[in-house]
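Okay, here's what each chain looks like letter by letter:
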Amino acid sequence: MGRFAFLLLLAFASFEALCFAADDDTVFYDSFDEPFDGRWIVSDKDDYKGVWKHSKSEGHDDYGLLVSEKARKYAIVKELEEPVSLKDGSTVLQFETRFQNGLECGGAYLKYLRPQEAGWKAKEFDNESPYSIMFGPDKCGATNKVHFILKHKNPKSGEYVEHHLKYPPSVPSDKLTHVYTAILKPDNEVRILIDGEEKKKANFLSADDFEPPLIPAKTIPDPDDKKPEDWDERAKIPDPNAVKPDDWDEDAPMEIEDEEAVKPEGWLDDEPEEIDDPEATKPEDWDDEEDGEWEAPKIDNPKCETAPGCGEWKRPMKMNPAYKGKWSAPLIDNPNYKGIWKPQEIPNPDYFELDKPDFEPIAAVGIEIWTMQDGILFDNILIAKNDKVAESYRETTWKPKFEVEKEKQKAEDESTDSDGLSGVQKKVFDVLYKVADIPFLSEYKLQILDLIEKAEKQPNITIGVTVSILVIILTVLFRLLFGGKKQPKVEKKPEVAETSNNQSTSGEKAEEEEEEEEKEGTAAPPRRRRRDT
């Protein structure tokens, strides 16, 4: 009995130690069980008029931070008690978000800000506030990704550069709660998890994983090197000795009348293809001065339905066997060909070597977005030093909600379509989004995502879209297997999340789309009254 009591006491002490370690590894956590007023600071900037609300997640008693209005900019920030260093050990960034009304155009990412010495104030939090890491989902138009962006200082130039994770995972396309996790490891590895499942693993110092690379190239093209005027890049040229054949007729038409064609028997030459609708009457409120002379709407001539045709018969056209088109000299190898010119390489003045990223500390967590959607709910924001802590929160805070929502969604799908078609289509879309994330299809990812989005809006074309994506996959596989070399990588400029000008995030795209809609709305001419039947 004494031995049993000792073992029980030891087990209890171990459990307490484990709990203490978990608490010690939790740097920041907000469940939003209590109102955010007084803890989170809403930006006073004029552009950010979106109203944040402390609201329950639909179908749950669990509260979160809610985006309550459409087509608004939102900014809110929570300063940490102490800055979090990313240079020591592991760091885990995790949060939940739910698109309760779906997501067509909007972001739901978090910004982990640098200390205020970098030049920002909580009440003035905006797009220019300097961050260390930006992480989370973003979807609008061709953009469909879970961002992971590191802002890193070049020790040579002193410039802060945005380094975007290449080929990030896609955003789940449903209205369920999802949990996003980024694990930064001391061996320069970063892992991106969605709902606890690893979707991406990358190395901060690998040029294959981040664009632009953290470590610049040793050499760069010489900006002062110019292509010589006599440099000939034409691999092929027209044969200067070629002569157009005497019998080459450039004026022969592509098509000619088929002289052998005969007008079908029973053709109604004197019958028009359309006639005035005999049942149509002029509306009583029709004003000839205001609406113009009334004309009866046209209908197909019923006499033409049983006849081979109506109206004037004309011989059909056929390809002209004598057609050759414009003559051009055949191409031959260019004896002066020198290849594609490139400037010579010179040492990169901004090059530096790096063993580990020089992470800036995290002093605050902020949400700064522009979205066309409302109903975006943020919850259970966590910063921890142990991925086991993040796993524990997923099991206790996220998973129970997700399971309830998934069962409810399944029931709704089954009731929406008795044969289960909508549920099947959803599964197809989920698979297609996973297909888009396959690395060897990276060149075609945007094309595939565009096809999927069209199918989501027009479910009747799901089969056609699936076939189109299958053709893309087979084409790429064929090239890889029989083309003699791997599919070339397409270098793309990173999509800008904050200060760069090359591309835009979903927020900027949403703003552009709204402005365009407003322009179209004001420019539309007044509609004429219809000639009703």
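Residues numbered from 1 in each chain as written. Predicted model: local features only at pLDDT ≥ 70, side-chain atom pairs only at ≥ 80, totals over all residues. Heavy atoms only, no water.

- The name that an unreviewed UniProt entry assigns to the protein chain is Calnexin homolog, with the source organism given as Gossypium anomalum.
- As stated in UniProt under Subcellular location (unreviewed entry), the record for the protein chain gives "Endoplasmic reticulum membrane".
- Under the UniProt heading Sequence similarities (unreviewed entry), the note attached to the protein chain is "Belongs to the calreticulin family." (UniProt positions renumbered as here; feature names shortened; annotations may be inferred.)

**Digging into the environment of Thr97**
- Structurally, Thr97 can be placed in strand S6 (residues 91-99).
- Note: C-alpha distance between Thr97 and Gly136 (39 residues apart in sequence) is 9.1 Å.
- Setting aside chain neighbours within four positions, we find Thr97 in contact with Ala108, Pro137, Leu176, Thr177, His178, Tyr180, Ile376, Leu377 and Phe378. (Helix = DSSP H or I, 4+ residues; strand = E, 2+ residues; numbered from the N terminus. Contact = heavy atoms within 4.5 Å.)

**Quick look at the state of the cysteines**
- Scanning all chains against the criterion turns up 2 disulfides.
- One disulfide bridge connects Cys304 with Cys310, the sulfur atoms lying 1.9 Å from each other. Looking down the S-S bond of the Cys304 and Cys310 bridge, the torsion is -120°, so its handedness is left-handed. Cys310 shares its class with Cys304; the two are buried.
- Each disulfide of the protein chain joins two cysteines, and with those cysteines numbered along the sequence the arrangement is 1-2, 3-4. (Disulfide = S-S within 2.5 Å. Buried < 20%, exposed > 50% of the residue type's maximum accessible area, 1.4 Å probe, protein only.)

**Comments concerning the pattern of salt bridges**
- Within this structure, the stated rule accounts for 24 salt bridges.
- In this structure, the salt-bridge partner of Lys236 is Asp333, at a minimum N-O distance of 2.6 Å. On the criterion of sequence distance, the pair formed by Lys236 in strand S17 (residues 236-238) and Asp333 in strand S22 (residues 331-333) is long-range, its members being 97 residues apart.
- Ionic pairing is found between Asp276 and Lys298, a salt bridge with its closest N-O pair at 2.7 Å. Here Asp276, found in strand S19 (residues 274-276), pairs with Lys298, found in strand S20 (residues 298-300); they are 22 residues apart in sequence, far enough to count as distant.
- If you follow the salt bridges from partner to partner, you end up with Asp62, Glu96, Asp379 and Lys401 in one network. (Salt bridge = Lys/Arg side-chain N within 4 Å of Asp/Glu carboxyl O.)

**Topic: the pairing of strand S3 (residues 52-56)**
- The sheet contact formed by S3 and strand S4 (residues 63-67) spans 5 bridges and is antiparallel. From the neighbouring strand, Trp52 faces S4, where its bridge partner is Val67.
- Counted along the chain from S3 to the antiparallel partner S4, the turn is 6 residues long, and its residue Gly59 has a positive phi close to 90°. (Pairing = 2+ DSSP bridges.)

**Some points on a nonpolar patch on the surface**
- A surface patch of nonpolar side chains, about 330 Å² in accessible area, is lined by Phe440, Leu470, Leu474 and Leu477.
- Take Leu474: it is sitting in helix H6 (residues 462-482). (Patch = residues over 30% accessible without salt bridge, like charges linked within 9 Å, V, L, I, M, F, W, Y side chains within 5 Å. Areas by Shrake-Rupley, 256 points an atom, 1.4 Å probe, with all protein chains shown as cover.)

**Focus on the packing of aromatic side chains**
- Counted under the stated rule, the structure contains 14 aromatic pairs.
- For the pair Phe95 and Phe135, a centre-to-centre distance of 5.9 Å together with 85° between the ring planes defines the contact as edge-to-face. Here Phe135 lies in strand S9 (residues 131-140) and Phe95 lies in strand S6, a separation of 40 residues in the sequence. Like Phe95, the residue Phe135 is buried in the burial classification. (Phe/Tyr/Trp six-rings, centres within 6.5 Å; stacked < 30°, edge-to-face > 60°.)

**Comments concerning unusual backbone geometry**
- Geometrically, the link from Glu211 to Pro212 is a cis peptide bond, its omega value of -10° lying close to zero.
- Among the secondary structure elements, Pro212 is positioned in the loop between strand S15 (210-211) and strand S16 (219-221).
- At Phe32, a residue that is not glycine, the phi angle is positive and equals roughly 60°.
- Secondary-structure assignment places Phe32 in the loop between strand S1 (26-30) and strand S2 (41-42).
- Since its relative accessible area comes to 0%, Phe32 is described here as buried.

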